[in-house]
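# Residue-level structural notes
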Amino acid sequence: MSSRVLSSLSPLLPPSPPLFFFVGAAILLLLLFLLVCSPARGSLPSLPSLPLLGSLPWMGGGLPPHLLFSELGHRYGPVFSLLLGPHLSVVLNRHQEAREVLLQRGREFAGRPFMVTTDLLTRGGKDIAFSDFSPLWKLHRRLVHNSFSLFGEGSGRLQDIVLSSVDDLCVELLSGGGRGFDPSPAVTRAVTNVVCTLVFSSTYRHGDTELQEVMRYNDGIVQTIAGGGLVDIYPWMKVFPNRCLRTLKDCITVRDRLLSRKLEEHKASLNDGPPRDLLDALLQGQGEGVQQEGGGITDDHVLMTAAEAFGAGVETTSTTLLWILAYLVHHPPVQRRVQAELDKQVGERPVCVSDRSRLPYLECVINEGMRIRPVSPVLIPHTAMTDSSIGGHPVGRGTRVLVNMWAIHHDPEHWDKPDLFNPDRFLDDRGQRVTPPCFMPFGAGPRVCVGESLARLELFLFLSSLLQRMSFKLPDGASPPNLQGRLGVVLQPLPYKVVVTPTEGWEGGAK
Ligand code: HEM
């Protein structure tokens, strides 16, 4: 590595031999000093680093982080450290250490680092996902969790919301008339509609201007957060003109205008009865814990939670659906087996939540989709809140931990032929469902995804209803969906086209 640095310096060296010797020796010593004297990184294997730049010069090559970390893992081992600019970060490529950090020592590693983009997005950490660990964050997370549970399984409310959106989606997909089309816009619209209904009871028809607005700002935020890059490593860079940050601020303004209006409408009509939606549930629970240090749950917290339901709940769920559809188009026998299970267990009536236990193979297909293409291939960074250790290596307070779920979900020590789409790996010899410990698409521990049960319910109801009512295949002559994906805020499939054919009796899409 130093040879690369030295060779890049060689044109700068003057010709005189004695001077050449002294200058060369000085540069060499300086480089050695910089390499050796970068911040202490304990006993972990580490990438080299330079002050200010950290290990960034050794992280080139254009690979997205999950693939870069997997490749570096072959050289440095499953756990190694690097400097992201000035920030000491530990990368975990193996499930044992990931479980240690997320579960066994979950509380010690439940912090989040400060980032310029997410600070803007969340009014200084008034959300759940990017807020650092604190008593107020715990209270906020509990309130959100309870509010989600109110509309989750059991209550039937969420099922009604999702099924109504599914009906619209099926009608729209089947109106394609057998022509090849990209399913992504319709799927994203359907999932956005579920979240809009869940959060503020608005249901939109296709083409509604308010729904378009929600989808536009959400997409703008997702695209710019993904491009935040250097400003999140070097916060002082925010003083320079930055097109991404400007777009982000514009989208946030539109988002906040719309959500504030919904919040005011809800406050004006709030009563003590059962909550109509998530905003009601949050407003009703707002008074609890006002004694907390740093105040209680403010209107900003409520607003940021509503915003996060879109930010964290739309792109992840719709992208997971699109990955699974892409794999089903690649694997027609898997699609037919899911449909045979649906035929046998459900027949012609609409699918409902209580069918979940009767459709184990479909659940395995969903799991396999999330294993092979985790939409969050590297989890949101965690930070050590105290001096701790990982795999016996000391780790100092403030260290960032990057869990590479991609590497864990593709670890050949734990997954037979990890690059093969094989839902049967989630069934044991007796055909019973199993969940291996190295499968963690929603993370684990104190920072596990708050929307996990909601997302699982949506995935189940969307996929079961779609596959009951229609079949997906490639348009004639088209090449199959590209399965490499592209990393934005989530790992997405590249656009692809499908042809849908209705199942007999479901020609209209809904009954
Ligand atoms: C297939 C869909 C989804 C997947 C795969 C997914 C995955 C994840 C992952 C991997 C994390 C990070 C865990 C960590 O940092 O250790 C996370 C966090 C989070 N997710 Fe999800 N998610 C999904 C859907 C949702 C939905 C529908 C919502 C809400 C409506 C949601 C809300 C959140 C929140 C608030 C956090 C932050 C939790 C915290 O930091 O304490 N997610 N999710």
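Residues numbered from 1 in each chain as written. Predicted model: local features only at pLDDT ≥ 70, side-chain atom pairs only at ≥ 80, totals over all residues.

Inclusion rule: UniProt positions are given in the numbering used here, feature names are shortened, and annotations may be inferred rather than shown by experiment.
In the annotation of an unreviewed UniProt entry, the chain is listed under the name Steroid 21-hydroxylase and assigned to Eleginops maclovinus. In the Cofactor (unreviewed entry) part of its UniProt record, the chain is described as follows: "heme".

## Some words on the nonpolar core
This is how it is decided: Think of a nonpolar core as buried Ala, Val, Leu, Ile, Met, Phe, Trp, Tyr and Cys residues chained together by C-beta atoms that fall within 7 Å. Working definition of burial: number of other C-beta atoms within 10 Å of the residue's own, with buried at 20 or more, exposed at 12 or fewer, and partly exposed in between, all C-beta atoms being placed from the backbone. Counting from the N terminus, the helices are DSSP H or I runs at least four residues long and the strands are E runs at least two residues long.
Counting residues in each nonpolar core, the largest one holds 86 residues, and the members touching the most others are Val195, Val199, Leu278, Ala306, Ile324 and Leu463. Per element, the largest residue contribution to this core is ten residues, and it comes from helix α8 (residues 184–200). Residues Phe69, Val90, Val378 and Val401 belong to the second largest nonpolar core, which totals 32 residues.

## What to know about the UniProt feature "binding site: heme" (unreviewed entry) in the chain
We count it as follows: Contact between two residues is assigned when their C-beta atoms, built from the backbone, lie within 7 Å.
According to UniProt, the positions carrying the feature "binding site: heme" (unreviewed entry) are Cys449. Positionally, Cys449 belongs in the loop between α17 (405–409) and α18 (452–469). Excluding residues that lie within four positions of it along the chain, Cys449 makes contacts with Phe442 and Gly443.

## A look at the pairing of strand β2 (residues 87–92)
Basically, it comes down to this: The pairing criterion is simple: DSSP has to find at least two bridges between the two strands.
Counting buried residues along β2, five of its six residues qualify, which places the element largely inside the surrounding structure. Where β2 and strand β6 (residues 400–403) come together, four bridges link them in parallel fashion. Looking at the pairing, Ser89 lines up with Arg400 of β6.

## Remarks on the site of the ligand
For clarity, the threshold we go by: By convention here, the C-beta atom is placed from the backbone, and a residue is near a molecule or strand when that atom is within 6 Å of it.
Around the ligand, 23 residues are found, and the nearest of them are Ala129, Gly313, Gly443, Cys449 and Gly451. Contributions of two or more residues to the shell around the ligand are made by α13 (299–313), α14 (315–330) and α18. Per-element accounting of the shell around the ligand gives the leading share, four residues, to α13.

## Side note on unusual backbone geometry
Here Arg123, not a glycine, exhibits a phi torsion of approximately 50°, which is positive. For Arg123, the position within the fold is in the loop between α5 (116–121) and α6 (135–151). In the Ramachandran plot, Ser201 falls in the positive-phi region, its phi being about 60° despite a non-glycine side chain. Relative to the assigned elements, Ser201 resides in the loop between α8 and α9 (209–226).

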